[in-house]
Amino acid sequence: MAVDPRVAPEACGSMAEVRRGVDALDRALVVLLAERQRYMDAAARLKPDRSVVRDEARIDDVMRKVLAAAGPAGLSPAIAEPVWRTLIERCIAHEFAVFDRARG
């Protein structure tokens, strides 16, 4: 997936350049999050029982991987952890809804 052209953050000389960069990244993140949501749709389709939709071991595994990737990428854990925990919770809620609709 391509991200719209933008000035590198360190090369920005104006708030307009900063905002264009943020907007370009936001559009790319929307596309990636939509794909992630489709994986939740697939999980809801594949899981045999509602009781396995929420998987604490998987949540811990995802968080470990995210935090391990955050540092080398230059992402503060203070941003990464709450963002991903919220994302995970919203994805679980989505998965429950899809699971229930498919079997309701």
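The sections below set out a description of the structure shown in this document. Source: prediction; values computed, not measured.

## A short note on helix H1 (residues 15–46)
Count 3.6 residues to each turn of an α-helix, and residues three or four apart come out pointing the same way.
Here's step 1: With 32 residues, H1 ought to run about 46 Å at 1.5 Å a step, and its terminal C-alpha atoms sit 46 Å apart, in line with that.
Here's step 2: Those residues of H1 lying buried are Gly21, Ala24, Ala28, Met40, Ala42, Ala43 and Ala44.

## Quick word on helix H2 (residues 56–73)
Here's step 1: With 18 residues, H2 should reach 26 Å at 1.5 Å per residue; the first-to-last C-alpha distance of 26 Å fits that figure.
Here's step 2: For H2, the set of buried residues is Ile59, Val62, Met63, Val66 and Ala70. Along H2, the residues classed as buried sweep out an arc of 100° about the axis, all on the same side. Exposed positions of H2 whose direction lies more than 90 degrees from the buried face are Ala57, Arg64, Ala68 and Pro72.
Here's step 3: Looking at the buried residues of H2, the elements they touch are H1 and helix H3 (77–103).
Here's step 4: Backbone nitrogen of Ala57 and a side-chain oxygen of the N-cap are separated by 3.2 Å at the start of H2; the cap is Asp55.

## Structural notes on the layout of surface pockets
Here's step 1: Empty space within the largest pocket amounts to approximately 480 Å³.
Here's step 2: The wall of the largest pocket is formed by 13 residues, among which Leu29, Leu32, Leu75, Val83 and Trp84 lie closest to the centre.
Here's step 3: Broken down by secondary-structure element, the contributors of at least two residues to the lining of the largest pocket are H1, H2 and H3.
Here's step 4: Across the lining of the largest pocket, the residue classes tally to 10 nonpolar, two polar and one charged.

Criteria and thresholds
Residues numbered from 1 in each chain as written. Predicted model: local features only at pLDDT ≥ 70, side-chain atom pairs only at ≥ 80, totals over all residues. Heavy atoms only, no water. Helix = DSSP H or I, 4+ residues; strand = E, 2+ residues; numbered from the N terminus. Expected span 1.5 Å × (residues − 1). Buried < 20%, exposed > 50% of the residue type's maximum accessible area, 1.4 Å probe, protein only. Arc of directions from axis to C-beta. Contact = heavy atoms within 4.5 Å. Polar contact = N/O pair within 3.5 Å; in protein donor to acceptor, adjacent residues only side chain to side chain. 1 Å grid on protein atoms, 1.4 Å probe; cavity = no way out; pocket = protein on both sides within 12 Å on 5 of 7 lines; lining within 4 Å. Points joined across faces, edges and corners; volume = space filled by probe spheres on them. Nonpolar A, V, L, I, M, F, W, Y, C, P; charged D, E, K, R; others polar.

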